[in-house]
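Structure at a glance
Spelled out from the first residue to the last, the chains are:
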Amino acid sequence: MKKLLALLLALVTLFSLVACSKEAEKGPSSSPSPSPSQTEPSAQPQAGNVDPEVVGTINEDIDHSARRTYKFVYAHYDNNLLEQQMYDAFMELAPVYNYELTRMTGDTDDETYVTNLQTLIDRGDVDGFIIETTNSVQNAVLALLEDSGIPYINLFTEYFDSEGRVVTPTVGIPQFQTGYESLKYLTDNYKKYWGDVDTSKIGLITIDFSVSPALHERIVGIEACFREAFPGNENIFYHDSFAAGQSAWFTLEGGYNPVAQTVGSHPEIKYWMVASCLENYSQGAARAADDLKLNDTMLITTVGHPMLEQEWDNGYDGAWKCAVAISNYAYATPTVLGLIALCDGRATAETLWPQFKKDGDKCAIWYADYAVVTKDTYKEYLTKMNDMYGPNK
């Protein structure tokens with residue numbers, strides 16, 4: 001049933017995109033109804049000769065109290081710890097940057113997400129959207145947003161067109177590089193945990209979500225790091241959580257099962273590294289390491305830190321040794337400031353953050369500050385980022 005709904009959704013989207021294209025040819029009279037931010041001019045005066053690289057950043061001198069209060073929606077696909085923490089961060093920033101925030105969830109269902117988004121657009125009182133979705137609904141979401149004319153920022157994962165160009169203003173991270181660096185800590189420090197072992201006996205388990213190009217790039221970086229660290233070692237065991245079925249999508253099961261199955265099937269491998277594109281899978285891998293008593297012979301890493309931070313806060317000291325950490329404020333503040341710049345008319349989706357826009361892309365990806373952290377370093381790093389991007393900076 002899910003596959004049928006996804007197919008129908010894709011067909012509807014295709015017809016919608018074609019219709020939008022034909023409507024655009026008719027001229028100004030066929031333009032969509034403007035959003036509130038378009039019909040009501042901003043009270044913020046237009047700054048003269050402002051460096052475009054400063055617009056929509058913490059370095060811009062803007063009196064946010066000089067305009068009306070914007071109404072934003074945080075529209076997220078899942079309901080994990082990360083989404084709750086991001087919502088909390090956005091709420092803490094709201095009085096600082098003069099906006100109200102409501103949230104919308106898709107409950108991890110494509111049709112629900114698109115339907116709820118359409119309902120909010122039809123309501124007519126939203127100034128801007130913070131969009132967090134999977135790539136499975138990319139085309140449908142893009143069609144709705146572009147037709148509405150309401151400004152938006154993508155959070156975490158960018159959207160690409162058929163030619164591989166970024167087509168949404170996005171706040172995220174360099175996917176290949178963060179994947180690479182997440183594993184590099186383990187390849188640089190494995191002797192600290194295992195001693196000087198025979199590297200031909202080391203295996204790597206990777207856990208992907210293949211339909212997301214951004215998440216897949218993390219796995220590409222992870223596997224490149226392993227091959228660079230251990231030339232000639234092809235003990236790489238790739239798992240695609242998407243192919244495993246919906247019960248494995250963004251769940252602990254999606255990490256637990258491939259680890260348990262792979263380790264059981266390969267007794268010739270004595271030492272394991274596990275790296276995933278999302279922390280949900282690494283948390284599942286950590287549970288498998290606990291159950292199978294592999295904490296002395298397994299090292300786990302991931303991109304993303306809130307779940308591991310919570311584990312460490314509760315005294316965890318197992319195989320999950322590190323993660324790429326990005327402060328929630330390092331995500332939230334650029335997202336909010338970029339969205340305000342779009343609503344104010346001080347930037348467009350195409351001109352926002354030109355310092356991050358790559359040749360050929362239609363829009364830029366703001367790369368949030370990040371670092372690989374361990375149990376000994378995570379608190380200091382997150383405090384530093386909160387001081388830089390938080391509501392009390």
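How each quantity is defined
- Residues numbered from 1 in each chain as written.
- Predicted model: local features only at pLDDT ≥ 70, side-chain atom pairs only at ≥ 80, totals over all residues.
- Heavy atoms only, no water.
- Helix = DSSP H or I, 4+ residues; strand = E, 2+ residues; numbered from the N terminus.
- Buried < 20%, exposed > 50% of the residue type's maximum accessible area, 1.4 Å probe, protein only.
- pLDDT = per-residue confidence, 0-100.
- Contact = heavy atoms within 4.5 Å.
- 1 Å grid on protein atoms, 1.4 Å probe; cavity = no way out; pocket = protein on both sides within 12 Å on 5 of 7 lines; lining within 4 Å.
- Points joined across faces, edges and corners; volume = space filled by probe spheres on them.
- Nonpolar A, V, L, I, M, F, W, Y, C, P; charged D, E, K, R; others polar.
- Phe/Tyr/Trp six-rings, centres within 6.5 Å; stacked < 30°, edge-to-face > 60°.
- Salt bridge = Lys/Arg side-chain N within 4 Å of Asp/Glu carboxyl O.
- Pairing = 2+ DSSP bridges.
- Core = buried A, V, L, I, M, F, W, Y, C linked by side-chain atoms within 4.5 Å.
- Axes fitted to C-alpha atoms, helices over the stretch in contact; angles between N-to-C directions.

Within the element layout of this structure, Gln138 appears in helix 5 (residues 138-148). Under the relative-accessibility criterion, Gln138 is labelled buried at 9%.

Take the confidence of the model for the chain next. Overall, the predicted model of the chain reaches an average pLDDT of 88, with 87% of residues at or above 70. Of the regions scoring below 50 in pLDDT, residues 1-47 engages in 44 contacts with residues more than four places distant in sequence or in other chains.

On to the layout of surface pockets. Estimates place the volume of the largest pocket at around 700 Å³. For the lining of the largest pocket, the secondary-structure elements that each account for two or more residues are helix 1 (2-24) and helix 5. Per-element tally for the lining of the largest pocket: the top contributor is helix 5, with seven residues. Here the lining of the largest pocket is built from residues that sort into 15 nonpolar, five polar and seven charged.

Using the criterion set out here, one finds one cavity of 30 Å³ or more in the structure. In this structure, the largest cavity encloses a volume near 440 Å³. As for the largest cavity, its lining consists of 30 residues, of which Leu82, Glu83, Glu132, Phe156 and Leu278 are closest to the centre. Among the elements of the structure, helix 3 (81-97), strand 4 (152-156), helix 7 (213-229), helix 9 (279-291), helix 10 (306-313) and helix 11 (328-344) are those that each provide at least two residues to the lining of the largest cavity.

The geometry of two aromatic rings is summed up by the distance between their centres and the angle between their planes. Going through the model one piece at a time under the given rule, you end up with 19 aromatic pairs. Centroid distance Phe209 to Trp249: 6.0 Å. Interplanar angle 80°. Geometry classified as edge-to-face. Pair noted here: Phe209 is in the loop between strand 6 (202-208) and helix 7 and Trp249 is in the loop between strand 7 (236-240) and helix 8 (253-265), with a separation of 40 residues, a long-range link. Seen from their ring centres, Phe237 and Trp272 are 5.5 Å apart, and the 55° between their planes marks the pair as tilted.

Inspection of the entire model under this criterion finds 12 salt bridges. For the salt bridge of Arg68 with Asp127, the shortest nitrogen-to-oxygen distance reads 2.7 Å. Remark: Asp127 occurs in the loop between helix 4 (110-123) and strand 3 (128-132) and Arg68 occurs in the loop between helix 2 (36-39) and strand 1 (70-76); sequence separation between them is 59 residues. Look at Arg68 and you get partly exposed, because its relative accessible area is 25%. The class for Asp127 is buried, based on a relative accessible area of 1%. Ionic pairing is found between Asp196 and Lys191, a salt bridge with its closest N-O pair at 3.8 Å. You can call Asp196 exposed: its relative accessible area is 66%. Taken together, the shared-partner salt bridges connect Glu60, Arg67, Asp344 and Arg346 into one network.

This next bit is on the pairing of strand 4. The element strand 4 is extensively covered by neighbouring structure, given that five of its five residues are classed as buried. Of the pairings in the sheet, the one linking strand 3 to strand 4 comprises three bridges and is parallel in character. From the neighbouring strand, Ile130 faces strand 4, where its bridge partner is Ile153. Here three bridges tie strand 4 to strand 5 (residues 170-172), and the two strands are oriented parallel to one another. Each residue of the ladder has a partner; that of Leu155, found in strand 5, is Val171.

Here we take up the nonpolar core. If you look at the biggest cluster of nonpolar residues, it comprises 116 residues, and the most contacted ones within it are Phe90, Tyr99, Phe129, Ile131, Met273 and Met298. Looking at this core element by element, the count peaks at 11 residues for helix 11. The residues touching Ile131, leaving out its near neighbours within four places in the chain, are Ala75, Tyr113, Leu117, Val141, Leu145, Tyr152, Ile153, Asn154, Leu155 and Tyr159.

Next up on the list: the sheet that holds strand 9 (residues 298-302). Pairing between the strands of a sheet comes from backbone hydrogen bonds, and it takes one of two forms, parallel or antiparallel. Strand order in the open sheet formed by four strands is 7-6-8-9, and the pairing between neighbours is parallel. Edge positions in the sheet fall to strand 7 and strand 9, since each has one partner strand and no second. Across the sheet, the axes of successive neighbouring strands diverge by a mean angle of 15°, strand direction being ignored. Bridge count for strand 8 (residues 271-276) against strand 9 is five bridges, and the pairing is parallel. Note on strand 9: the bridge partner recorded for Ser276 is Thr302. Along the sheet, helix 7 contacts strand 6, strand 7 and strand 8; its crossing angle with strand 6, the most-contacted strand, is approximately 170°.

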